[in-house]
Amino acid sequence: MITVEHLAKSFGDHEVLHDISITIPAHEVVAVIGPSGSGKSTFLRCLNGLEQLTSGKITVNNHTLDADMKKRQMQQAIFAIRQHTGMVFQQFNLYPHKTVIENVMESLLVVKEMKKVDAEKRAKALLEKVGLLEKIDAYPSHLSGGQQQRVAIARALAMEPALMLFDEPTSALDPELVGDVLNVMKNLAEDGMTMVIVTHEMNFARDVADRILFMADGKIIEDAKNPKQFFEAPETARAQQFIQKVNEF
Amino acid sequence: MQLILDNWQFLLQGAYYTLMITIISMFFGLILGLLIAILRVKGNSVGRNIARFYVSIIRGTPPLVQIFIVYYGLSDFGLQLEPIPAACIALSINIAAYVAEAFRGALQSVPKGQMEAALASGMTEGQAMRRIVIPQAFRYAIPPIGNTFVGMLKETSLVSAIAVTELMRAAQLLVAQYYTYLPFYLAIAVMYWVMSMFFTFILGKIEKKLSVY
């Protein structure tokens, strides 16, 4: 599903990602964890072209994005990748001038050029799935953070993505609202969705993810296929240090 | 007072031209201003520089000079415009620069995440601008653009200098006829004020309508 080869990313002189290579098969749920500033979010944002690659190559769903491509080719590749990739942001980024159902329908109408009735039908089904059917005509500003994030998930799912990217989806939420969002994500994982999740929710990562990528200083330090084992006894010193810090609370 | 009542039709006709010139210039100025703002924010470096140069020249020169250039200056090139079209063109060009600045600020105050969310969900940059960013920018832009329009209404008095018989010139002609200043200038001051209030009222309505979310 995803192949990353020698990905590097710099902001000016500052290199945030160093030579990252990794393969993620379909239906895998990958949690990316690590200290802040380790490049987790940048890595995720490279996967759907929200950040420009400095060097290296990314293949998502058979569409290849190469840092050496010409601008036009690159735009086409990014566009193709985004057609099959949903993304959920830390700050939700719902469209504030549109109602809940309009948020979910927007790309169906604009990108897929679907008929309004069909789009409405799909949007309603998805909003039911995330438990917000009664809020369809509300504006995002009238919803709690947790509700907004569930709408954002429904909006991403509307495009029937083969891959979902989550960029710290619960970090901006009040603690009591985190659970609802994580439940929706857990259901999604159980349905077999391929997911890459940047998160600070260690329990969620341990219980739901199939695989942990531990990042620090712009590198993948540890690639753990067994999350439970990773959280009990990480192999690398850097990860041990991190897990110990997290467990102190 | 009697003088005003005797000449109310003439003054009203002046107000009609003032309003007409304002609305026409607002309309074209708004369209031109939006295009310039988008060019300034989203254009390539040539486009951005053109937009910046335009705004800087228009804001850095007196509107009266701009009006004279369009009306008298263009006739040197064999383009002899009638006063009213010349007034509308000059004021549209003028107001476009101010609309562009207001709208540029508004475009930049739409959070970056809005564009990213739209792109991530498969839209092209153009679709994202049209459907997501510009509608939100409109809402931010209404108050400053509203101020610009009210300012514009008053600025139309400048086109009296090229013999457009709008409100200002109507008063000047009456003054010349009756040799008395105060009643006519007071009368048009009231009329300008009423029209400004009317614009402010409409803008308030639009703003309210756009603040449903």
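Model, not experiment: these values are computed from the prediction.

Novice: I would appreciate a short explanation of the overall build of chain B in the present structure.
Specialist: Across its full length, chain B carries nine helices and zero strands. When its helices and strands are written in sequence order, chain B yields α-α-α-α-α-α-α-α-α. Once the C-alpha set of chain B is aligned to its principal axes, its extents read approximately 70 × 45 × 20 Å. In chain B, which comprises 213 residues, the proportion classed as buried is 45%. Summed over its atoms, the accessible surface of chain B is roughly 11,100 Å², and 68% of this surface lies on carbon and sulfur atoms.

Novice: Whenever I open this one, the confidence of the model for chain B confuses me. Can you help?
Specialist: Caution is warranted with low-pLDDT regions, since their predicted coordinates should not be read in detail. Of the residues in chain B, 100% have a pLDDT of 70 or more, and the chain-wide mean is 92. Interface confidence in the predicted complex, given as ipTM, is 0.93; pTM for the same model is 0.85.

Novice: Can you walk me through the interface of chain A and chain B in this structure?
Specialist: Size of an interface: often given as the accessible area lost when the parts come together. Counting from both sides, the interface comprises 24 residues of chain A and, opposite them, 18 residues of chain B. In total, about 1,800 Å² of surface goes out of reach between chain A and chain B, with carbon and sulfur atoms giving 59% of it. Counting the surface chain A buries against chain B, the share from its top three residues, A:Tyr95, A:His97 and A:Val110, is 28%. Counting the contacts that link chain A with chain B gives two salt bridges. Taking the shortest distance from any N to any O, the salt bridge between A:Glu106 and B:Arg131 comes out at 2.6 Å. One can count eight residue pairs in polar contact (both at pLDDT 80 or more) joining chain A with chain B.

Novice: I keep staring at the pairing of strand E10 (residues 219–224) of chain A and nothing clicks. Help me out?
Specialist: Taken residue by residue, a regular strand's side chains alternate between the two faces of the sheet. Residues and elements named next belong to chain A. Of the strand pairs in this sheet, strand E9 (residues 211–216) and E10 are connected by five bridges, and their pairing is antiparallel. By the bridge assignment for E10, Leu213 is matched with Asp223. Taking the residues that link successive antiparallel strands as the turn, the E9-E10 hairpin has two residues, and the phi of Asp217 there is positive, at about 50°.

Novice: Is there a simple way to explain the packing of aromatic side chains in this structure?
Specialist: The relative placement of two aromatic rings is captured by the distance of their centres and the angle of their planes. By the definition in use, this model includes 11 aromatic pairs over all chains. Relative to B:Tyr72, the ring of B:Phe68 lies with its centre 5.5 Å away and its plane at 55°, an arrangement referred to as tilted. The class of B:Phe68 is partly exposed, set by a relative accessible area of 32%. Overall, the relative accessible area of 43% leaves B:Tyr72 in the partly exposed class. One aromatic cluster in this structure is built from A:Phe214, A:Phe230, A:Phe231 and A:Phe242. Lying across the ring of A:Tyr95, A:Arg155 places its NZ or CZ 4.5 Å from the centre.

Novice: Please explain the sheet that holds strand E5 (residues 63–66) of chain A as it appears in this structure.
Specialist: Working definition: the strands of a sheet are paired by backbone hydrogen bonds and lie parallel or antiparallel to each other. Residues and elements named next belong to chain A. Spatially, the four strands line up as an open sheet ordered E2-E1-E4-E5, and their pairing is antiparallel. Only two strands of the sheet have a single neighbouring strand rather than two, namely strand E2 (14–24) and E5. Strand-to-strand twist across the sheet, computed as the mean angle between neighbouring axes with direction ignored, equals 20°. Here strand E4 (residues 55–60) pairs with E5 via four bridges, running antiparallel.

Novice: How should I be thinking about the pattern of salt bridges in this particular structure?
Specialist: Opposite charge on two side chains permits them to pair, given that their charged atoms come into close proximity. Enumeration according to the criterion identifies 15 salt bridges over all chains in this entry. Here B:Glu116 ties to B:Lys112 by a salt bridge, and the two come within 3.7 Å at their closest N and O atoms. A residue pair is termed a helical-turn pair when its members lie 3 or 4 positions apart in one helix, as B:Glu116 and B:Lys112 do in helix H6 (residues 112–120) at four residues. Residue classification places B:Lys112 among the exposed residues on the basis of a relative accessible area of 64%. By sharing partners, the salt bridges in this structure join A:Arg45, A:Glu51, B:Lys112 and B:Glu116 into a single network.

Novice: Would you mind showing me how to read the nonpolar core here?
Specialist: Nonpolar side chains tend toward joint burial in soluble globular proteins. Ranked by size, the top nonpolar core spans 151 residues in total, and within it A:Phe43, A:Leu127, A:Ile153, A:Met164 and A:Met195 carry the most contacts. The element contributing the most residues to this core is helix H5 (residues 83–109) of chain B, with 13 residues. With residues up to four places along the chain from it excluded, the contact list for A:Met195 reads A:Glu28, A:Val29, A:Val30, A:Met164, A:Phe166, A:Met185, A:Leu188 and A:Ala189.

Novice: Help me out: how do you make sense of the environment of A:Val117 in this one?
Specialist: Mapped onto the secondary structure, A:Val117 falls in helix H4 (residues 116–129). Considering only alpha carbons, one finds A:Val117 and A:Lys9, 108 residues apart in sequence, at a separation of 43 Å.

Novice: So what exactly am I meant to see when it comes to the sheet that holds strand E6 (residues 85–88) of chain A here?
Specialist: All names here are of chain A. Across the sheet, which stays open at both edges, the six strands sit in the order E6-E7-E8-E3-E9-E10 with mixed pairing between neighbours. Bordering the open sheet on either side are E6 and E10, each of which pairs with just one other strand. When the angles between neighbouring strand axes are averaged without regard to direction, this sheet yields 15°. Taken together, the four bridges between strand E3 (residues 29–33) and E9 define a ladder with parallel strand orientation. Each bridged residue has a counterpart across the sheet, and for Ile33 the counterpart in E9 is Phe214. Running at roughly 170° to E6, helix H5 (residues 145–158) makes contact with E6 and strand E7 (163–167) of the sheet.

Calculation criteria
- Residues numbered from 1 in each chain as written.
- Chains lettered and ligands numbered in written order.
- Predicted model: local features only at pLDDT ≥ 70, side-chain atom pairs only at ≥ 80, totals over all residues.
- Heavy atoms only, no water.
- Helix = DSSP H or I, 4+ residues; strand = E, 2+ residues; numbered from the N terminus.
- Buried < 20%, exposed > 50% of the residue type's maximum accessible area, 1.4 Å probe, protein only.
- Areas by Shrake-Rupley, 256 points an atom, 1.4 Å probe, with all protein chains shown as cover.
- pLDDT = per-residue confidence, 0-100.
- Contact = heavy atoms within 4.5 Å.
- Buried area = accessible area lost by both parts, 1.4 Å probe.
- Salt bridge = Lys/Arg side-chain N within 4 Å of Asp/Glu carboxyl O.
- Polar contact = N/O pair within 3.5 Å; in protein donor to acceptor, adjacent residues only side chain to side chain.
- Pairing = 2+ DSSP bridges.
- Phe/Tyr/Trp six-rings, centres within 6.5 Å; stacked < 30°, edge-to-face > 60°.
- Lys NZ or Arg CZ within 6 Å of the ring centre and 35° of its normal.
- Axes fitted to C-alpha atoms, helices over the stretch in contact; angles between N-to-C directions.
- Core = buried A, V, L, I, M, F, W, Y, C linked by side-chain atoms within 4.5 Å.

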